[in-house]
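Here are the chains, one letter per residue:
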Amino acid sequence: MTSPADAHDADAQRAFDDLIANERRIEPRDWMPEAYRKTLIRQISQHAHSEIIGMQPEGNWITRAPSLKRKAILIAKVQDEAGHGLYLYSAAQTLGITRDEMTDQLIDGRARYSSIFNYPTPTWADMGAIGWLVDGAAICNQVPLCRASYGPYARAMVRICKEESFHQRQGFEILLALMQGSPEQRVMAQDAVDRWYWPSLAMFGPPDDQSPNSAQSMAWKIKRFSNDELRRRFVGMLVPQAEALGVTLPDPDLRYDADQGVTAMGEIDWDDFFAVLRGDGPCNAERIQRRRTAHEEGAWVREAAAAYAAKQAAPRTEAA
Ligand SMILES: [Fe+2]
Ligand SMILES: [Fe+2]
């Protein structure tokens, strides 16, 4: 026998399925299956954490950027990443999780963020390689998310992607300047590309046959293309750019054809990737520690802001 509650759920599920089938957006007011909500909370909060933790490897170079112009550009870029984190935390909050819960999950090590930010940035060329490869991979991943079925996420991605393309170009331009410089600068640029190339490919996630949640995310139209498809597309975009830069992509098995794109590529070292994911990367502990310290040191700002908001919200007395 069907209870009224079950009948309501079935109707709501049908309305949800129709919205998805018709390429319409799911909004915070709409009914949604619990698994869809949970998947989105996980994905959006991980994405937000990645933007925030991602400020660290580059923030590391702000005081050491080689000129005032480079410093101004890098500050703007790192600030953009903070903004991305904030849009995304707000988008996740529309699904019923609080900012405090998400912050706690991050600083006590329960939440994940992109493994790419657990690698160190020993030279200035790393700023170029991160912009070109890491922001480049982020764009490939995120442009399709502008059409994700959840409205607040998709809308946040539109603005984020515009800024990411500036990030990618500034990285390319740093590498270009180095490649046109001294022999030492060219070696430094190539070394950074060698270190960031494979981790940037791993950013697309495990191979399709080892990515158990992908099919459901595609059915919900959160995800539009498979991990391997996006990875191949990214490498296809890199090949002509690497040629323009004069750098070598460190994959001897890479085959590219101007008409067909990437026809073959080497294997990613997944053991290394999963080790970093488990927390054994070169900088995992340092990144979280730094985030925790920043959070603790910012406590007085949050308290002051809350006190100010309470004062503004209190009814004004006649005497004033
Ligand atoms: Fe970003
Ligand atoms: Fe970026």
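Above this text sits the structure in question.
Our subject in this report is the structure included herewith. The shown structure was predicted, so the numbers you read here are calculated from the model rather than taken from an experiment. (Residues numbered from 1 in each chain as written. Chains lettered and ligands numbered in written order. Predicted model: local features only at pLDDT ≥ 70, side-chain atom pairs only at ≥ 80, totals over all residues. Heavy atoms only, no water.)

## Describing the coordination of the iron ion (ligand 1)
Right, so step 1: Glu-51 (OE), Glu-81 (OE), His-84 (ND1) and Glu-164 (OE) make up the full set of protein donors to the iron ion (ligand 1), lying at 2.0 to 2.2 Å.
Right, so step 2: One chain supplies every donor for the iron ion (ligand 1), spaced along it as E-x29-E-x2-H-x79-E.
Right, so step 3: A distance of 3.4 Å spans the gap from the iron ion (ligand 1) to the iron ion (ligand 2), which Glu-81 bridges by coordinating each metal. Of this pair, His-84 sits in helix α4 (residues 68-93) while Glu-164 sits in helix α7 (residues 151-179), and the two are 80 residues apart along the sequence. This pair shows no difference in class: His-84 is buried, exactly as Glu-164 is. (Donors = N, O, S within 2.8 Å, 3.2 Å for Na, K, Ca; no water. Helix = DSSP H or I, 4+ residues; strand = E, 2+ residues; numbered from the N terminus. Buried < 20%, exposed > 50% of the residue type's maximum accessible area, 1.4 Å probe, protein only.)

## Focus on the pattern of salt bridges
Between side chains of opposite charge, a pair can form as their charged atoms come close.
Right, so step 1: Following the criterion strictly, the structure yields 16 salt bridges and no others.
Right, so step 2: Note that Asp-11 and Arg-14 form a salt bridge whose closest N and O atoms lie 3.3 Å from each other. With Asp-11 and Arg-14 both in helix α1 (residues 4-21) and three residues apart, the pair spans about one turn of that helix.
Right, so step 3: The class of Asp-11 is partly exposed, set by a relative accessible area of 46%.
Right, so step 4: For the salt bridge of Asp-108 with Arg-110, the shortest nitrogen-to-oxygen distance reads 3.0 Å.
Right, so step 5: Members of the salt-bridge network, linked through shared partners, are Glu-58, Lys-77, Glu-81 and Asp-135. (Salt bridge = Lys/Arg side-chain N within 4 Å of Asp/Glu carboxyl O.)

## Considering the coordination of the iron ion (ligand 2)
Right, so step 1: The coordination sphere of the iron ion (ligand 2), as far as protein atoms go, consists of Glu-81 (OE), Asp-135 (OD), Glu-164 (OE) and His-167 (ND1), spread over 1.9 to 2.2 Å.
Right, so step 2: Because the angles between the four donor atoms bound to the iron ion (ligand 2) fall within 89 to 160°, the donor set is best described as irregular.
Right, so step 3: Of note, the donors binding the iron ion (ligand 2) are all from one chain and are spaced E-x53-D-x28-E-x2-H. (Tetrahedral: all angles 85-135°; square planar, octahedral: opposite > 155°, others 65-115°.)

## A short note on the environment of Ala-314
Right, so step 1: Locating Ala-314 in the fold gives a position in the segment after α13 (299-313).
Right, so step 2: Overall, Ala-314 belongs to the partly exposed group, its relative accessible area being 38%.
Right, so step 3: Taking C-alpha positions, Ala-314 is 57 Å from Val-235, a pair spaced 79 residues apart along the chain.

## What to know about the nonpolar core
Right, so step 1: Ranked by size, the top nonpolar core spans 78 residues in total, and within it Tyr-36, Ile-44, Trp-132, Tyr-150, Tyr-153, Trp-196 and Leu-249 carry the most contacts.
Right, so step 2: Among the elements that take part in this core, α7 stands out by supplying 10 residues, more than any other.
Right, so step 3: The residues touching Trp-132, leaving out its near neighbours within four places in the chain, are Gln-168, Gly-171, Phe-172, Leu-175, Val-193, Leu-238, Gln-241, Ala-242, Leu-245, Val-247 and Leu-249. (Core = buried A, V, L, I, M, F, W, Y, C linked by side-chain atoms within 4.5 Å. Contact = heavy atoms within 4.5 Å.)

## Some words on the packing of helix α8 (residues 183-202) against helix α10 (residues 227-245)
Right, so step 1: For the pair α8 and α10, the least separation of the axes is 10 Å and the interaxial angle reads 145°. In this structure, α8 contributes Tyr-197, Ser-200, Leu-201 and Ala-202 to the contact, and α10 contributes Arg-231, Phe-234, Val-235 and Leu-238. (Axes fitted to C-alpha atoms, helices over the stretch in contact; angles between N-to-C directions.)

## So, the packing of helix α6 (residues 125-142) against α8
Right, so step 1: Two elements in contact, α6 and α8, have axes whose closest approach is 8 Å; the angle formed by their N-to-C orientations is 30°. Taken together, α6 and α8 sit at an angle that is classed as roughly parallel. Seen along the crossing, α6 lies across α8 with a hand that is right-handed. Contact with α6, carried on its side by Ala-125, Asp-126, Ala-129, Ile-130, Trp-132, Leu-133, Val-134 and Ala-137, involves Met-188, Ala-189, Ala-192, Val-193, Arg-195, Trp-196, Tyr-197 and Ser-200 of α8 and no other residues of that element.
Right, so step 2: In terms of residue class, the contact of α6 with α8 is built from 13 nonpolar, one polar and two charged. (Parallel < 35°, antiparallel > 145°, perpendicular 65-115°, else oblique. Left-handed = near helix turned anticlockwise from the far one by under 90°. Nonpolar A, V, L, I, M, F, W, Y, C, P; charged D, E, K, R; others polar.)

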